[in-house]
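Observations on chain architecture
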Amino acid sequence: MKRRDLFSILLLPLLSGVLPAAMANTSSGGKRTPLLISEREWQDLAQRRASDAELDLLVQSLLERAKKDLSLPLPERKLIGKRLLSVSRELIRRCLGWAFAWRLTADQTYADRAFAELQAVAAFSDWNPAHYLDVAEMTTGVAITYDWLYEFLTPEQRNLICQAIFDKGIAQAKNGHATYKRDNNWNQVCITGMVLGALAVADNNPAVLRDLLPPAIAAIPTGLKAYQPDGIYPEGPSYWSYGTTYSVLLLAALRQHRLGDWGIASAPGFMRSALFYAHSVGPSGKHFNFADGGEGQELAAALVWMARELQQPVLLDAKRDLIRQKNGSADRFATLSALWWPTQSKQRTAMETHFSGQGAQPLAFWRSSWTDSNALWFAIKAGGAAHSHAHMDAGSFCLDWAGLRWAKDLGMQDYQSLESKGIDLWNGKQQSPRWKVFRLSTEAHNTLMLNGQPHSVNAMASLRSDADGRVQIDLSSVLGIPRATRTVHFSDTGVRLEDQLSGGQPGTQVRWAMCTSAAVSIKGNTATLTQQGKQMTLRFEGAPVTLQVQDISAPRADFDAPNPGTRQLLVFGQIADRGDWAVQTVFEPVISS
């Protein structure tokens, strides 16, 4: 029996319940089912605001931004390179903000402006199906806004929006779509966008659910494999927020329509991934931004939803700090964060200070405290370049102390800035131009290189941990040497990083690197880092080494981005005659008396 036939047999019982329920829930003959947010959630917001200062501040910021946004021009169908994505995402941010403001204030100005935005994108020739993320995000924004404004809209306006959702959004995915086969964020975003669109228009066209839901249900497991087994999202924290937010949007919609959860919440690692994300934010407020990600936090609606679902408001401590700094309201799903914000608990659930796990990009985190702003925090990853959005960063690490980032990752570079220069960015082969981009290369990361050679693109470093919290990363295959390990020993007062190579070619140059924004002074085998009146020392023990500092603020090539105020601490040594090399790096914060 073919796999497709077998899956169809297994799926039939589910669909026999899902489709009638979906069509009944969206039937115009009865009370309309909200797309994502229940009336109770809207009604409870005022009471929750009154007892939660950060939630109240977030809502105030959202209302202020919605008012300011009224002066923005209507959207135009202008692509940046091959993408309309910025227009789709801006529509979500604006329209959800205006619809939210209308629901809270009853000021028709906001509803009028949101409809004008929808009317403008409905008039586009298309929503750029050549890059289907653009279609999925636009459909999501239009569908949610339509739902929130439903009571305000006239029948003619509703028909206009529904027709745009159908023609420009979901029509091409009636029987599935090529993006459903991807095992990364595309699967999550595109399936969710199409399902939300279908549920939104089902009042007018209930039959569309018969075509669209079965292929969506069948493809969901493909995207959820990314979380296995321990919740570490292999594309990094930034893409975790992206992909997981869309999975949560889908979950919320399915539950509103009493359609179950399609196995999403129970998928291995999915809910545990909230811990991965929370640990990925250091005391500096910056991410461990491996892969194509940035240091800066977002409000992360998916984390808010999971914190409520898991009854762990403590997961949002970093987000409360963000809100107190009056940040976060610019996130396009910040309105959903406000609506999903969990009730504060008088009893705090203590969070573990160490997290490690397996997956396509195994990693580990440590911190000396969750409540001390001066806490020490260290993050390191194994894995490597053989994954979507990955960099050549096996063995790379970041370090925070005293609220500052001391060892940093340069992060992603804007895709269009590279594609416009002819860089074949999505070619992952060993000799691909992708690996010539400085920020993506081995050279730019806090790891080891031998004889200046990049890591092997097809090799992936493994990680193992012991009961004492010690973690060892095996870099042997990545470096192309019989044995290469990087071991982390963490304590509340410092970090010891042990690098050991054996079986190597005598005379091979070993390069140890660390990117930092701190000023660096060198004396013998000790480097002293200084920033904002704080100091940290790095002491190198073991094999003979030479230390130097290299400014990397200026672009290396015409396609590279600058890295303002950034330098690398470089440590060079040689594999000895017996084929080995071993160095311990001791990181010690300088505590003022």
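Residues numbered from 1 in each chain as written. Predicted model: local features only at pLDDT ≥ 70, side-chain atom pairs only at ≥ 80, totals over all residues. Heavy atoms only, no water.

1. A word on the overall build of the chain
Of regular secondary structure, the chain possesses 16 helices and 17 strands. Taking 25 Å as the expected radius of gyration for a compact globule of 593 residues, we find that the chain reaches 25 Å, a close match to that expectation. Projected onto its principal axes, the C-alpha coordinates of the chain cover approximately 80 × 60 × 45 Å. When each of the 593 residues of the chain is scored for burial, the buried share is 59%. Residue pairs at least 24 apart in sequence account for 70% of intrachain contacts in the chain once pairs closer than 6 positions are excluded. For the chain, the accessible area works out to roughly 23,500 Å², and carbon and sulfur atoms hold 49% of it. Computing the positive centroid from 60 side-chain charges and the negative centroid from 56, the chain places the two 1 Å apart. (Helix = DSSP H or I, 4+ residues; strand = E, 2+ residues; numbered from the N terminus. Rg over C-alpha atoms; globule rule 2.2 N^0.38 Å. Buried < 20%, exposed > 50% of the residue type's maximum accessible area, 1.4 Å probe, protein only. Contact = heavy atoms within 4.5 Å. Areas by Shrake-Rupley, 256 points an atom, 1.4 Å probe, with all protein chains shown as cover. Lys, Arg positive; Asp, Glu negative; His and termini not counted. Charge placed at Lys NZ, Arg CZ, Asp CG, Glu CD.)

2. Looking at the nonpolar core
Counting 142 residues, the largest nonpolar core has Leu36, Trp148, Trp262, Phe270, Phe276 and Trp340 as the members making the most contacts within it. Not counting chain neighbours up to four residues away, the residues in contact with Leu36 comprise Glu41, Ile144, Asp147, Leu196, Leu249, Ala252, Ala253, Gln256 and Leu336. By size, the runner-up hydrophobic cluster in this structure holds 49 residues, among which are Ala382, Leu497, Val510 and Leu569. (Core = buried A, V, L, I, M, F, W, Y, C linked by side-chain atoms within 4.5 Å.)

3. Observations concerning helix 6 (residues 132-148)
Since the α-helix packs 3.6 residues into each turn, any two residues three or four apart lie on the same face. Between its first and last C-alpha, helix 6 extends 25 Å over 17 residues, near the 24 Å set by a 1.5 Å rise per residue. Taking burial as the measure, the 17 residues of helix 6 include 17 buried ones, the bulk of the element. (Expected span 1.5 Å × (residues − 1).)

4. Quick word on the state of the cysteines
Scanning all chains against the criterion turns up zero disulfides. Among the cysteines around Cys95, which has no disulfide bond, Cys162 carries the closest sulfur, lying 15 Å off. Of the cysteine sulfurs around Cys398, a residue in no disulfide, the closest is that of Cys515, at 9.0 Å. (Disulfide = S-S within 2.5 Å.)

5. Things to note about the packing of helix 8 (residues 185-201) against helix 9 (residues 208-224)
It is at 10 Å that the axes of helix 8 and helix 9 come closest, and there the two elements cross at 155 degrees. By the angle between their directions, the pair helix 8 and helix 9 is classed as roughly antiparallel. For helix 8 against helix 9, the interelement crossing comes out left-handed. Residue-level contacts link Asn187, Ile191, Met194, Val195, Ala198, Leu199 and Val201 of helix 8 to Val208, Leu209, Leu212, Leu213, Ala216, Ala219, Ile220, Thr222 and Gly223 of helix 9. Partitioning the contact of helix 8 with helix 9 into residue classes produces 13 nonpolar, three polar and no charged. (Axes fitted to C-alpha atoms, helices over the stretch in contact; angles between N-to-C directions. Parallel < 35°, antiparallel > 145°, perpendicular 65-115°, else oblique. Left-handed = near helix turned anticlockwise from the far one by under 90°. Nonpolar A, V, L, I, M, F, W, Y, C, P; charged D, E, K, R; others polar.)

6. Overview of the layout of surface pockets
Over the atoms rolls a probe the size of a water molecule, and its path tells where empty space is left. Taken as a whole, the largest pocket encloses approximately 1,200 Å³ of empty space. What lines the largest pocket is a set of 48 residues, and nearest its centre among them are Arg89, Tyr239, His389, Met412 and Tyr415. Of all elements in the fold, only helix 4 (85-105), helix 8, helix 10 (237-256), helix 14 (334-340) and helix 15 (415-419) reach the threshold of two or more residues within the lining of the largest pocket. The dominant element in the lining of the largest pocket, judged by the number of residues it contributes, is helix 10, at five residues. (1 Å grid on protein atoms, 1.4 Å probe; cavity = no way out; pocket = protein on both sides within 12 Å on 5 of 7 lines; lining within 4 Å. Points joined across faces, edges and corners; volume = space filled by probe spheres on them.)

7. Remarks on empty space enclosed by the protein
With the rule as written, the count across this model stands at five cavities of 30 Å³ or more. In this model, the largest cavity occupies a volume close to 80 Å³. Lining the largest cavity we find 13 residues, and of these Leu62, Arg65, Arg93, Gly97 and Ser329 sit closest to its centre. Of all the elements in the fold, those that place two or more residues in the lining of the largest cavity are helix 3 (53-69), helix 4 and helix 14. The residue inventory of the lining of the largest cavity, partitioned by class, reads four nonpolar, three polar and six charged.

8. Description of the sheet that holds strand 16 (residues 567-574)
On the basis of which strands lie adjacent, the open sheet formed by four strands has the order 6-11-16-15 and antiparallel pairing. At either margin of the open sheet sits one strand with a lone partner, and together these are strand 6 (448-450) and strand 15 (546-551). Averaged over neighbouring strand pairs, the angle between their axes works out to 25 degrees when direction is ignored. In terms of strand pairing, strand 6 meets strand 11 (residues 509-516) through three bridges, oriented antiparallel. (Pairing = 2+ DSSP bridges.)

9. So, the environment of Lys82
The residue Lys82 is located in the loop between helix 3 and helix 4 in this model. Lys82 sits 338 residues away from Ser420 along the chain, and the two C-alpha atoms are 9.9 Å apart.

10. What to know about the packing of aromatic side chains
For the structure on display, the rule yields 24 aromatic pairs. Their ring planes at 45 degrees and their centres at 6.4 Å tell us that Phe276 and Phe365 sit as a pair that is tilted. With Phe276 in helix 11 (residues 273-280) and Phe365 in strand 2 (residues 363-367), this pair connects stretches of sequence that are 89 residues apart. Grouping residues by exposure puts Phe276 and Phe365 together as buried. With a centroid separation of 5.3 Å and an interplanar angle of 20 degrees, the aromatic rings of Phe378 and Phe397 are classed as stacked. In this pair, Phe378 sits in strand 3 (residues 377-381) while Phe397 sits in strand 4 (residues 397-401), placing the two residues 19 residues apart along the sequence. Accessibility assignment for this pair places Phe378 and Phe397 in one class, buried. Of the aromatic side chains, those joined through ring pairs into one cluster are Trp366, Phe378, Phe397, Phe490, Trp512, Phe540 and Phe587. (Phe/Tyr/Trp six-rings, centres within 6.5 Å; stacked < 30°, edge-to-face > 60°.)

11. Some thoughts on the sheet that holds strand 7 (residues 462-465)
Pairing within the open sheet is antiparallel, and its eight strands lie in the order 7-8-9-10-17-14-13-12. If you trace the sheet from one side to the other, it starts and ends with strand 7 and strand 12 (519-523), each paired once. Across the sheet, the mean angle separating the axes of adjacent strands is 15 degrees when strand polarity is ignored. Of the pairings in the sheet, the one linking strand 9 (residues 483-491) to strand 10 (residues 494-502) comprises nine bridges and is antiparallel in character. Bridging across to strand 10, His489 finds its partner in Arg496.

12. A short note on the confidence of the model for the chain
Averaged over every residue, the pLDDT of the chain is 94; the share at 70 or more is 95%. Low confidence marks residues 1-13, where pLDDT is under 50. Its contacts with residues over four positions away, or in another chain, come to five contacts. (pLDDT = per-residue confidence, 0-100.)

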